[in-house]
Amino acid sequence: MKIQPEEKIVLLGASRGLGLATKFLLEQRPEKLNLYSFSRKLNGTDFSRRDRWDEYAKTFLALEADRFIYFAGGGPYGDYEKSEWKDQEWALNVSFAFPAFLLHSLLQFNKKKERARPFQMTFIGSAIAEGKPDPKASMYCAAKHALRGLITSIQKEESSMDLRLFSPGYMDTSMLPLNSWPRQKGLARKVENVAEELVNFMTQPGPNLISVAMD
Ligand SMILES: NC(=O)c1ccc[n+]([C@@H]2O[C@H](COP(=O)([O-])OP(=O)(O)OC[C@H]3O[C@@H](n4cnc5c(N)ncnc54)[C@H](OP(=O)(O)O)[C@@H]3O)[C@@H](O)[C@H]2O)c1
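Summary of the structure given here. (Residues numbered from 1 in each chain as written. Predicted model: local features only at pLDDT ≥ 70, side-chain atom pairs only at ≥ 80, totals over all residues. Heavy atoms only, no water.)

## Description of empty space enclosed by the protein
Working step 1: Counting across every chain of the model gives 1 cavity of 30 Å³ or more.
Working step 2: Of the voids in this model, the largest cavity is the one considered here, and its volume is about 40 Å³.
Working step 3: L107, I154, Q155, E157, S159, M161, L163 and N208 are the residues that line the largest cavity. (1 Å grid on protein atoms, 1.4 Å probe; cavity = no way out; pocket = protein on both sides within 12 Å on 5 of 7 lines; lining within 4 Å. Points joined across faces, edges and corners; volume = space filled by probe spheres on them.)

## Quick notes on helix α4 (residues 85-112)
Working step 1: A rise of 1.5 Å per residue sets the reference length of α4, with its 28 residues, at 40 Å; its end C-alpha atoms lie 38 Å apart and thus fit the reference within 8%.
Working step 2: At N93, α4 shows its largest kink, close to 50°. (Helix = DSSP H or I, 4+ residues; strand = E, 2+ residues; numbered from the N terminus. Expected span 1.5 Å × (residues − 1). Bend = angle between axes of the 7 residues up to and from the residue.)

## Points about the pattern of salt bridges
Working step 1: Enumeration according to the criterion identifies 12 salt bridges in this entry.
Working step 2: E7 is paired through a salt bridge with R67; the nearest N and O atoms lie 2.7 Å apart. Highlighted residues: E7 in the segment before β1 (8-12) and R67 in strand β3 (residues 67-70), separated in sequence by 60 residues.
Working step 3: With relative accessibility at 2%, the residue E7 sits in the buried group.
Working step 4: For R67, a relative accessible area of 0% puts it in the buried group.
Working step 5: In this structure, K23 and E27 form a salt bridge, with 3.6 Å as the shortest nitrogen-oxygen distance. Highlighted residues: K23 and E27, both in helix α1 (residues 17-27), separated by 4 residues, approximately one helical turn.
Working step 6: Counted as one network, the salt bridges with shared partners bring together D79, K82 and K136. (Salt bridge = Lys/Arg side-chain N within 4 Å of Asp/Glu carboxyl O. Buried < 20%, exposed > 50% of the residue type's maximum accessible area, 1.4 Å probe, protein only.)

## Observations regarding unusual backbone geometry
Working step 1: Note that the residue after G206, namely P207, is joined by a cis bond; omega there is 5°.
Working step 2: Examined against the element boundaries, P207 turns out to sit in the loop between α7 (191-203) and β6 (210-212).
Working step 3: Located in the positive-phi region is E64, a residue other than glycine, with phi close to 55°.
Working step 4: Within the fold, E64 resides in the loop between α3 (53-62) and β3.
Working step 5: Under the relative-accessibility criterion, E64 is labelled partly exposed at 35%.
Working step 6: Of note in the backbone geometry, K136 takes a positive phi value of approximately 75° without being a glycine.
Working step 7: Under the relative-accessibility criterion, K136 is labelled partly exposed at 35%.

Right under this line is the structure:
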């Protein structure tokens, strides 16, 4: 889906990492895009707060955006039982439950509205965690599996929305610990390069694409 002049794009979790790198790239586009970014540090928007999900969904939908990209994700590192339940729940909420809720709200809204172009919503998965075990990141891994299951199922349902899943490999962001083995083995990719792939992916003719890093 080609980027149109003055499109409105909502970036969810773009204060650092892949989200911020994508925001920088989009800001440089000649189409003069209208970008709206949300995160805890940017404007106190905390996707783990179930009590605020309704309010968040209403705020995002009221923007009448053309595209949404959901970047936020994460979870505790270590053996499952060693973290407190509230930390496991945080991983589940931010990496799966809130994106699932938001997608549900968007699909309902999309059904009611006549739109010239369908919404596009892109979620960020994980080439590693969504398809195989990820020991010591078990809830994060479960959430990414669930996200992939949800998206690939809805992609096969009847909807006029353009739903996409972009699943990168390891990236050099604060999510990856400094002494982690993927860094030591040189597997962590520069986030600017991954952001470029993401923007290319969003602009490919669709609808309903998935992209999984092969490295
Ligand atoms: N890094 C990797 O190796 C890797 C590999 C594969 C997939 N991924 C996936 O790629 C995506 C981006 O990862 P990244 O490495 O760029 O992560 P990151 O550097 O940790 O950045 C995460 C972003 O999400 C926001 N965020 C986190 N929790 C939030 C919350 N509760 N409410 C609102 N915003 C929240 C953060 O902003 P605030 O702190 O301001 O809230 C930040 O802007 C994630 O979905 C991740 O699972 C990462």
